[in-house]
Amino acid sequence: MSLISLAADARILWRMACGQPRRGDHAARLQAFYAPQAGRYDAFRERLLHGRADLLDRLEIAEGMRVVELGCGTGSSLDRMGPRSGCCASIQLVDLCPALLAVARKRAAAHRNVEVIEADAARWQPAVAVDRVFLSYALTMIPDWETTIANAVAMLKPGGRLGVVDFHLPSTGSALANRLWRRWFAHDGVQLSDAHLPALLRLLPEAWTDERRASLPYLPGLQAPYYLYVGQRGAVAQDVSITR
Ligand SMILES: C[S@@+](CC[C@H](N)C(=O)[O-])C[C@H]1O[C@@H](n2cnc3c(N)ncnc32)[C@H](O)[C@@H]1O
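The model shown is predicted, which means the values in this text are computed figures rather than measured ones. (Residues numbered from 1 in each chain as written. Predicted model: local features only at pLDDT ≥ 70, side-chain atom pairs only at ≥ 80, totals over all residues.)

1. Digging into the site of the ligand
Around the ligand, a shell composed of 21 residues is seen, among which Gly-71, Gly-73, Cys-97, Ala-121 and Ser-136 lie nearest. Looking at the shell around the ligand, its residues break down into 13 nonpolar, four polar and four charged. (Near = placed C-beta within 6 Å. Nonpolar A, V, L, I, M, F, W, Y, C, P; charged D, E, K, R; others polar.)

This is the structure:
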């Protein structure tokens, strides 16, 4: 790694060490946290956010589909989709953070079928139902996560799929390890939970899941727990209200 890359990483690590600012509403805190990182976001998160390409494979995005990503960040999923992105009828990228959306808009400029939308994932709805919705390391940053997953299912066509990849607290993890992970991630506004995966499975039980561990940049030996989930909406319309 070059000295320039190391210096850029050091700036990101410094921001993460400072944590997410506590002042302002949710959108303002996201902007204050991510704006100084936006230029180097993709290179650093490539080594931190694992399983994102696997999730897209499992979603089986095909020609003519309408696709939504909630909490899209810089829109780097477009790169991971590769030629599949060009075959979609539409791809709508939704996020609340203007600094990351500015990077997403630059990416989207190369695609005729991509729309970038500044909105809250818990409330935004597309004009027409879609085939695929996914969240990649976004659910843990959305305070209203239960409303968000219900909102995501509500935008799916019957037979459509919801995909999520994110860090979590595994049911198999020790209480001490889970407490440490929770505190460590919470510093940056990432709220790890043992409730996300069970809630997804209650909402769309016809699902594929995988629980894994991921290495962390500059922290050899540490492996953070994360999961992948792909659920399919039933062929008939269903009630998407969720129960705890
Ligand atoms: C860790 S980043 C992941 C970004 C991207 N999905 C990726 O895989 O690189 C989490 C993203 O969720 C977004 N986010 C947090 N709360 C949100 C909300 N209520 N509505 C929309 N986006 C939100 C943040 O702005 C940020 O871009």
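Next comes the rest of the description.
2. Topic: the pairing of strand S5 (residues 156-167)
In terms of residue burial, S5 counts as a mostly covered element, since nine of its 12 residues are buried. In the sheet, strand S4 (residues 130-136) pairs with S5 via six bridges, with the strands oriented parallel. When the bridges of S5 are listed, Ser-136 appears paired with Val-165. The handedness of the S4 to S5 crossover, carried by helix H8 (residues 145-154), is right-handed. Two elements, S5 and strand S7 (residues 223-232), share seven bridges in a ladder whose sense is antiparallel. Considered in S7, the bridge of Val-164 is made with Tyr-229. (Buried ≥ 20, exposed ≤ 12 C-beta atoms within 10 Å, placed from the backbone. Helix = DSSP H or I, 4+ residues; strand = E, 2+ residues; numbered from the N terminus. Pairing = 2+ DSSP bridges. Right-handed = clockwise from strand over helix to strand, strands pointing away.)

3. Looking at the sheet that holds strand S3 (residues 114-118)
Read across the open sheet, the seven strands follow the order S3-S2-S1-S4-S5-S7-S6; overall the sheet is mixed. Whereas interior strands pair on both sides, the edge strands pair on one side only; in this sheet they are S3 and strand S6 (207-215). Between one strand and the next, the sheet's axes are offset by a mean angle of 15 degrees, whatever the strand orientation. Across the face of the sheet, helix H4 (residues 52-59) comes into contact with S4, S5, S6 and S7 while running at roughly 165 degrees to S5. In this fold helix H10 (residues 196-203) packs onto S5, S6 and S7, with an angle of close to 10 degrees to the strand it touches most, S7. (Axes fitted to C-alpha atoms, helices over the stretch in contact; angles between N-to-C directions. Contact = placed C-beta atoms within 7 Å.)

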